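Structure assessment
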Amino acid sequence: MTIRNFGAMTEIALRGLTKKYGDVIAVDDLSADIRSGRVTGFLGPNGAGKTTTLRMLLGLARPTSGTATIDGVAYRDLSTPTRRVGAVLDTGVFHPARTGRNALRVYATAAGLGTAGLDAVLDTVELGRAAGRRVGGYSLGMRQRLALAAALLGEPDVLVLDEPTNGLDPHGVHWLRGFIRTYAAGGGTVLVSSHLLAELTNTVDDVLIINRGRLVEHASLAELTNATTSLESRFLELTTERPS
Ligand SMILES: Nc1ncnc2c1ncn2[C@@H]1O[C@H](COP(=O)(O)OP(=O)(O)OP(=O)(O)O)[C@@H](O)[C@H]1O
């Protein structure tokens, strides 16, 4: 893959972002700036509010209060959102009876993106040889790659990935890490949620940790960890509930 230089820097800004579902406060007054040219790991225990935050950022859930913006503009208000932001939230969106290539073509057309770059994107995610097979026969890792291909079609400058290593084999994890690093090196903004702390240590520049919907840490990995403190030990320290 060639390193793209995105030119203008794109930042994600969360400001007082809050989402309530009845009595449940899924995301609670979350504020953070996610910087361009860097990979930001988004961490938190099960149910901490990560997916809800990403869904609000992508205009899929309406905040109860607060804002999530990309260069100051909410996703819904971007003129061509799929050319600004590529997202992998759900790998089950492609019709199982379609081939990978056809599924991607349908997506590209629906999203108003051209289909010219389709084969190049399939090659980028290393699905070229499997592109003629039906999605129903894909492994979870292959569906992750197809979802990433869809996210990349619009050549966005922001990537939002929810648990992207889910189902990937070690080769796939290694490949994805290289891909993400290259993407950020070209000036792209990457926000990636994961439970795999050891893997994130090799991938991210910055770390955003939430617990029960609230921000508990936002720092560079270098600030957070040292010879005696691992990301895992810091994460556990910040997110383990103590009996009151
Ligand atoms: N549509 C919904 N209706 C009601 N409650 C919801 C809804 N979506 C999320 N929640 C609740 O909001 C909280 C945060 O959920 P969310 O899925 O954002 O967490 P998460 O950090 O992504 O978790 P995980 O790591 O398990 O994927 C949870 O208590 C969840 O039950």
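Residues numbered from 1 in each chain as written. Predicted model: local features only at pLDDT ≥ 70, side-chain atom pairs only at ≥ 80, totals over all residues. Heavy atoms only, no water.

With respect to the site of the ligand
The environment of the ligand is formed by Y21, V24, A26, P45, N46, G47, A48, G49, K50, T51, T52 and H195. A distance of 2.8 Å separates an oxygen atom of the ligand from a polar atom in the backbone of G47. Between T52 and the ligand, the recorded distance is 2.6 Å, taken from a side-chain N or O atom to an oxygen atom. Calculation on the ligand without its partners gives an accessible area of 640 Å², and the protein chains cover 58% of this total. Among the secondary structure elements, those contributing two or more residues to the shell around the ligand are β2 (24-34) and α1 (50-57). Residue contributions to the shell around the ligand peak at 3 residues, all from α1. Tallied by class, residues from the shell around the ligand come to 5 nonpolar, 6 polar and 1 charged. (Near = heavy atom within 4 Å. Polar contact = N/O pair within 3.5 Å; in protein donor to acceptor, adjacent residues only side chain to side chain. Areas by Shrake-Rupley, 256 points an atom, 1.4 Å probe, with all protein chains shown as cover. Helix = DSSP H or I, 4+ residues; strand = E, 2+ residues; numbered from the N terminus. Nonpolar A, V, L, I, M, F, W, Y, C, P; charged D, E, K, R; others polar.)

Thoughts on unusual backbone geometry
Phi is positive for E126, close to 60°, though the residue is something other than glycine. The topology assignment puts E126 in the loop between α4 (118-124) and α5 (140-152). For R212, which is not glycine, the phi torsion reads 50° and is therefore positive. Along the polypeptide, R212 turns up in the loop between β8 (206-211) and β9 (214-220). We classify R212 as exposed; its relative accessible area is 59%. (Buried < 20%, exposed > 50% of the residue type's maximum accessible area, 1.4 Å probe, protein only.)

Things to note about the confidence of the model for the protein
Overall, the prediction assigns the protein a mean pLDDT of 90, with 95% of residues at 70 or greater. Counted against residues more than four places away or in other chains, residues 1-7, with its pLDDT under 50, gives 16 contacts. (pLDDT = per-residue confidence, 0-100. Contact = heavy atoms within 4.5 Å.)

Section: the packing of aromatic side chains
Enumeration over the complete set of coordinates arrives at 2 aromatic pairs. Here the aromatic rings of W175 and F179 are separated by 5.7 Å at their centres, their planes lie at 25°, and the arrangement is stacked. Residue W175 and its partner F179 are located together in helix α6 (residues 170-185), separated by 4 residues, close to a single helical turn. For the residue pair W175 and F179, the accessibility class agrees, reading buried in each case. Ring-pair connections join several aromatic residues into one group, and the members of that group are W175, F179 and Y183. A cation over an aromatic ring shows up here: R145 above the ring of W175, its NZ or CZ 4.9 Å from the ring centre. (Phe/Tyr/Trp six-rings, centres within 6.5 Å; stacked < 30°, edge-to-face > 60°. Lys NZ or Arg CZ within 6 Å of the ring centre and 35° of its normal.)

Some points on the sheet that holds strand β5 (residues 85-88)
On the basis of which strands lie adjacent, the open sheet formed by 6 strands has the order β5-β6-β7-β3-β8-β9 and mixed pairing. Every other strand in the sheet has two partners, leaving β5 and β9 as the edge strands with one partner each. Strand-to-strand twist in this sheet, taken as the mean axis angle between neighbours without regard to direction, amounts to 15°. Here α5 sits on the sheet and contacts β5 and β6 (158-162); the angle it forms with β5, its principal contact strand, is near 165°. (Pairing = 2+ DSSP bridges. Axes fitted to C-alpha atoms, helices over the stretch in contact; angles between N-to-C directions.)

What about α6?
Side chains that are three or four residues apart share a direction in an α-helix, a result of its 3.6 residues per turn. Taking 1.5 Å of rise per residue, the 16 residues of α6 would be expected to cover 22 Å, and the 22 Å separating its terminal C-alpha atoms lies within 8% of that figure. By the burial criterion, the buried members of α6 are G172, V173, W175, L176, F179, I180, Y183 and A184. Angular distribution of buried residues about the axis of α6 spans 165°; they occupy a single face of the element. Exposed and oriented more than 90 degrees from the buried face of α6 are P170, H174 and A185. Elements that come into contact with the buried residues of α6 comprise β3 (39-43), α4, α5, β6, β7 (189-193) and α7 (197-201). Just past α6, the residue G187 takes up positive phi, approximately 100°. (Expected span 1.5 Å × (residues − 1). Arc of directions from axis to C-beta.)

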